[in-house]
Amino acid sequence: MSRRKFLGCLTAALGATTGVRSIAHAASNKHFEGYPDSFGVLHDSTKCIGCRQCEKACNEVNELGSPEKPFDDLKVLDTRRRTDEAAYTVVNKFEPAQPGPKSSPVFAKIQCNHCQEPACASACFVKAFKKDKTGAVIYDESLCVGCRYCMVACPFNVPAYTYNDPITPKVTKCTMCHPRILEGKLPGCVEICPKEALVFGKRKDLIKLAWKRINEKPDNYIQHVYGEHEMGGTSWLYLSGVPFDQIGMREDLGVTPAPQLTSGALAAVPIVVGLWPVLLTGVYAIAQRKDKIAKEEKDAAVKEAIDQATDEMNKQLAQLKDKMTKEQQNAVANEVKKALEEAAKKAEAEAAAADGEGGSEDAPEAGKEDK
Amino acid sequence: MSQENKAIQPEPYNWFTPFNILTAVVLAVGAVLTFMRFTQGMGAVTNLDNNNPWGIWIGFDLLCGVALAAGGFTTSAACYIFGLKRFHSAVRPAILTAFLGYALVVFALHYDVGRPWKLPYPIFVSQGTSSLLFEVGLCVFLYLTVLFIEWTPAAFEWLGFKKLRTIVVRLTLLLTIFGVVLSTLHQSSLGALFMIAPSKLHPLWYSGYLHVYFFISAIFAGLSMVIFEGTMAHKWLHHKMDDTHLAEADGVVLGFGKAASFIMMGYFGIKVIGLAVDNNWHYLGTGWGAWYLVEMIGFVLFPAILYSVGAREKNLKFIRIAAAWTVLGIVLNRFNVSLVAFNYHLPAADRYFPSLSEIGITLFVVFVGITVYRFITAKMPILYEHPEYKDEH
Ligand code: SF4
Ligand code: SF4
């Protein structure tokens, strides 16, 4: 199957998918099957010869400036490299422990895999990444804050950062040549590949093609299309004659799409926002009530104490009053007695003066009556 | 009158204490590094690279900063929601530290993000609601506002704005509840940030419960930090405290220590359950397992026990040691998640270690915080009650 053939579907597909599902699906928990007619690239590592032409084409298309070492210098392949701001794609050489049908080494190309449900897009807090209907995951520099959470999130370690730029640093990664696809052109790397190790097409057709190759030559391939299900599926797909973990691709990523990894934690938000205030107000009310009850009890106790004290005081007061009244009466009585006595004395004196005898028995009697 | 004035006239301030000199040096170095960072880019001062996009500016300044500032919401919740009025004197210092803590987190983020002038973007321009970082950003922004409002009464008392103060004080309960909700969300989200990268974080630290772990550990981090700071303040700012504060201080230490011991035991328990659920026991036999046990036994179980013994025997010294130990443990945990166990699969040559300049900036941020704290506690009624507003609560 030639790559030109895939190209034919391109314009039609683009026209058909406008406006569908343009909202970031990363926000939902549902598994996103991908845009129906999105594109992808199949990299068949059994055909790759490590010529670095794709690196060169990528460099030119994206105007990445002249490389440290020229692209025809194959010694570069001796050290393992990753993508960075100066290279959106790199080819690495591997000498697998268990050689495949083709004599070693094996070459593997890496770049952004353009995930169906990209971890980078799900992680970005300003939606600077977007899964486009073409299949490309595109980046909008004008929104990016530069937090680099996308780099933390990407399971394939793809995005790079221009750390040495103080004013306009940005995230860099393969664009799947999104602008060229819109023009109806092939991605630069696909176009230049001399061995047709890269095939561009609709993702669903590429999966069929990949399995066709595996089934036609089962001895040549590992029975696995890398990217069909990894992290929920990617637009770039890979075939290999040796286990993928021997050509630098992790096989332990699982099939869970990135957004699902965090959906549980995100789902907690409405619960917390809804429940906490209610709960806390409840706790507050209980605490207040506890205080109130404590206060009431205290008040009751105080009241009782006061009542008792009042009783006591009243009694004492009454006694005091009694006593005072008595004393007063005593005083009055005394005065009366004194007056009477004086009167008596006077009378006696008068009587003595008159006839020597007088009645003075009355005075003590009056004191007794008062008691 | 004139005699009184003479009596409270402070002794001439000695600027050349060792600590002030150290502060000056750190601030000066920080200024130079700041200049470099903003003129030559992050690459000039950090060891960050494409495999290690987050270093100690995130690991310490953000993750630890936010966790250790959790004292604000725990203390105000204890006092105003749970009605534990005996902790009242601890609220203001805790709110102040939390406010400063969050302000510093935001300040430090200006160094770490590529285009800091776009920091309002996630909230005002383009909301990436599927991102846990969005949640963190939004909550931190809102909570910083809440903390600021909660702190204003102190400033209003200092400035003598009585009416404004009364209005804010009336909002206390509402603000406290708001604060607890926001704290729950972002404290847990900081842990959940790493849930998107199961292939990068070592299984002993990765968990589907990472958000729960972070939330619970933030609570005892906050409690421990209140005790720890209180200890420091008693040492250096004793003369600023009023009788209520001094009388209540031991009760705060005991109460918080007891609470921390319970929560840490619970945390230890759910971590063990987590191990069992993910069936990660076999990792315990590896080198990573040993390191994990250092964290769990040395820095969770041990201080938890120390706390409980201290609380039972009313041994304040034990509790204070446990608090400092727990603070270290939280730092260790946040470092493990964000730096040590993160990218564990990379070859040693690709691993990250902070550069001196990065550490310098972090120290700078910490010292800015201490300096502002000293200024505010020196001027405003934080460690004592303003005489005009006594007996109000
Ligand atoms: S490979 Fe990485 S950068 Fe590319 S779309 Fe997937 S998550 Fe994003
Ligand atoms: S660095 Fe930019 S693109 Fe990446 S997550 Fe942050 S804001 Fe989004």
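Residues numbered from 1 in each chain as written. Chains lettered and ligands numbered in written order. Predicted model: local features only at pLDDT ≥ 70, side-chain atom pairs only at ≥ 80, totals over all residues. Heavy atoms only, no water.

Caption draft 1: Seen up close, the overall build of chain A. Summing up its helical and strand segments, chain A has nine helices and nine strands in all. Put simply, chain A has 371 residues, and 43% of those count as buried. Long-range pairs, those at least 24 residues apart, make up 63% of the contacts in chain A with a sequence separation of at least 6. (Helix = DSSP H or I, 4+ residues; strand = E, 2+ residues; numbered from the N terminus. Buried < 20%, exposed > 50% of the residue type's maximum accessible area, 1.4 Å probe, protein only. Contact = heavy atoms within 4.5 Å.)

Caption draft 2: Region of the structure containing the site of ligand 1. Residues in close proximity to ligand 1 include C112, N113, H114, C115, P118, A119, C120, V137, C154, F156, P159 and K173 of chain A, which together make up its full environment. In the shell around ligand 1, the residues fall into nine nonpolar, two polar and one charged. (Near = heavy atom within 4 Å. Nonpolar A, V, L, I, M, F, W, Y, C, P; charged D, E, K, R; others polar.)

Caption draft 3: How the structure looks around the interface of chain B and chain A. Counting residues at the interface gives 59 residues for chain B and 58 residues for chain A. Buried area between chain B and chain A, both sides added, is near 5,000 Å², and the carbon and sulfur share of it is 62%. Where chain B touches chain A, the interface holds three salt bridges. In this structure, D112 of chain B engages R148 of chain A in a salt bridge whose closest nitrogen and oxygen atoms are separated by 3.3 Å. Our count for the chain B to chain A interface comes out at 31 residue pairs in polar contact (both at pLDDT 80 or more). At the level of secondary structure, the elements contributing two or more residues to the side of chain B that touches chain A comprise α2 (18-40), α4 (71-81), α6 (121-124), α7 (132-159) and α9 (172-192) of chain B. With seven residues, α9 of chain B is the single largest residue contributor to the side of chain B that touches chain A. (Buried area = accessible area lost by both parts, 1.4 Å probe. Salt bridge = Lys/Arg side-chain N within 4 Å of Asp/Glu carboxyl O. Polar contact = N/O pair within 3.5 Å; in protein donor to acceptor, adjacent residues only side chain to side chain.)

Caption draft 4: Focus on the side chain of E228 of chain A. Residues and elements named next belong to chain A. Counting through the fold element by element, E228 comes out in the loop between α7 (203-216) and β9 (236-239). Buried within the structure, E228 lacks any salt-bridge partner; R203 is the closest side chain of opposite charge, at an N-O distance of 6.8 Å. Side chain to side chain, E228 and W211 meet in a polar contact 2.9 Å long. Among all residues touching E228, those that are not within four sequence positions of it are R203, I207, W211, G233 and L237. (Lys, Arg positive; Asp, Glu negative; His and termini not counted.)

Caption draft 5: Structural view of the pattern of salt bridges. Applying the stated rule across the entire model yields 18 salt bridges over all chains. Among the salt bridges present, the one from D291 of chain A reaches K85 of chain B, with a minimum N-O distance of 3.5 Å. You can see D291 of chain A sitting in helix α8 (residues 258-354) and its partner K85 of chain B sitting in the loop between α4 and α5 (88-112), one on each of two chains. With relative accessibility at 31%, the residue D291 of chain A sits in the partly exposed group. E313 of chain B is the salt-bridge partner of R312 of chain B, the closest N and O atoms lying 3.8 Å from each other. By relative accessible area, which is 63% here, R312 of chain B ends up exposed. One continuous salt-bridge network, built from bridges that share partners, spans D37, K202 and K204 of chain A.

Caption draft 6: Spotlight on the packing of aromatic side chains. Counting across every chain of the model gives 29 aromatic pairs over all chains. Residues Y161 of chain A and Y163 of chain A carry aromatic rings whose centres are separated by 5.3 Å and whose planes lie at 70° to one another, so their mutual orientation is edge-to-face. We note that Y161 of chain A, like Y163 of chain A, is buried. Each ring, one from F302 of chain B and one from W325 of chain B, has its centre 5.3 Å from the other, and the planes form 70°; the classification is edge-to-face. Highlighted residues: F302 of chain B in helix α12 (residues 287-312) and W325 of chain B in helix α13 (residues 316-340), separated in sequence by 23 residues. Every member of this aromatic cluster is reached through a ring pair, and the members are F38, W57, F107, Y111 and F364 of chain B. Geometry around F38 of chain B places R37 of chain B over its ring, the cationic atom sitting 4.5 Å from the centre. A cation over a ring is seen here: R334 of chain B above F214 of chain B, with NZ or CZ 3.9 Å from the ring centre. (Phe/Tyr/Trp six-rings, centres within 6.5 Å; stacked < 30°, edge-to-face > 60°. Lys NZ or Arg CZ within 6 Å of the ring centre and 35° of its normal.)

Caption draft 7: Examining the site of ligand 2 more closely. Around ligand 2, the structure places 13 residues, and the nearest of them are C124, C144, C147, R148 and C150 of chain A. Of the residues that constitute the shell around ligand 2, the class distribution is 11 nonpolar, one polar and one charged.

Caption draft 8: Spotlight on empty space enclosed by the protein. All names here are of chain B. Scanning all chains against the criterion turns up 11 cavities of 30 Å³ or more. The volume enclosed by the largest cavity comes to roughly 210 Å³. Forming the boundary of the largest cavity are 19 residues, of which A90, V226, G230, H245 and V252 lie nearest the centre. When residues of the lining of the largest cavity are traced back to their parent elements, those giving at least two are α5, α10 (210-237) and α11 (243-277). For the lining of the largest cavity, the element with the most residues is α10, which contributes seven residues. (1 Å grid on protein atoms, 1.4 Å probe; cavity = no way out; pocket = protein on both sides within 12 Å on 5 of 7 lines; lining within 4 Å. Points joined across faces, edges and corners; volume = space filled by probe spheres on them.)

Caption draft 9: Spatial organisation of the side chain of R52 of chain A. Residue and element names in this part refer to chain A. Relative to the elements of secondary structure, R52 occurs in the loop between β1 (39-44) and α2 (53-61). Note on R52: relative accessible area 4%, which makes it buried. Side-chain polar atoms of R52 contact the backbone oxygen of D73, separated by 2.9 Å. Setting aside its immediate chain neighbours within four residues, R52 contacts P70, F71, D73, L74, V76, L77 and R81.

Caption draft 10: Just a nonpolar patch on the surface, in detail. Residue and element names in this part refer to chain B. A cluster of nonpolar side chains, contributed by W158, L159, F161, L164, I167, L171 and L174, occupies part of the molecular surface with about 680 Å² of accessible area. Among the elements of the structure, α7 and α8 (162-170) are those that each provide at least two residues to the nonpolar patch. By the secondary structure assignment, F161 is in the loop between α7 and α8. (Patch = residues over 30% accessible without salt bridge, like charges linked within 9 Å, V, L, I, M, F, W, Y side chains within 5 Å. Areas by Shrake-Rupley, 256 points an atom, 1.4 Å probe, with all protein chains shown as cover.)

Caption draft 11: The environment of Y389 of chain B, seen in detail. Residue and element names in this part refer to chain B. Here Y389 shows up in the segment after α14 (356-379). Between the alpha carbons of Y389 and E157 there is a distance of 8.4 Å; along the sequence they are 232 residues apart. Each residue touching Y389, except ones within four places of it in the same chain, is listed here: E157, K162 and R165.

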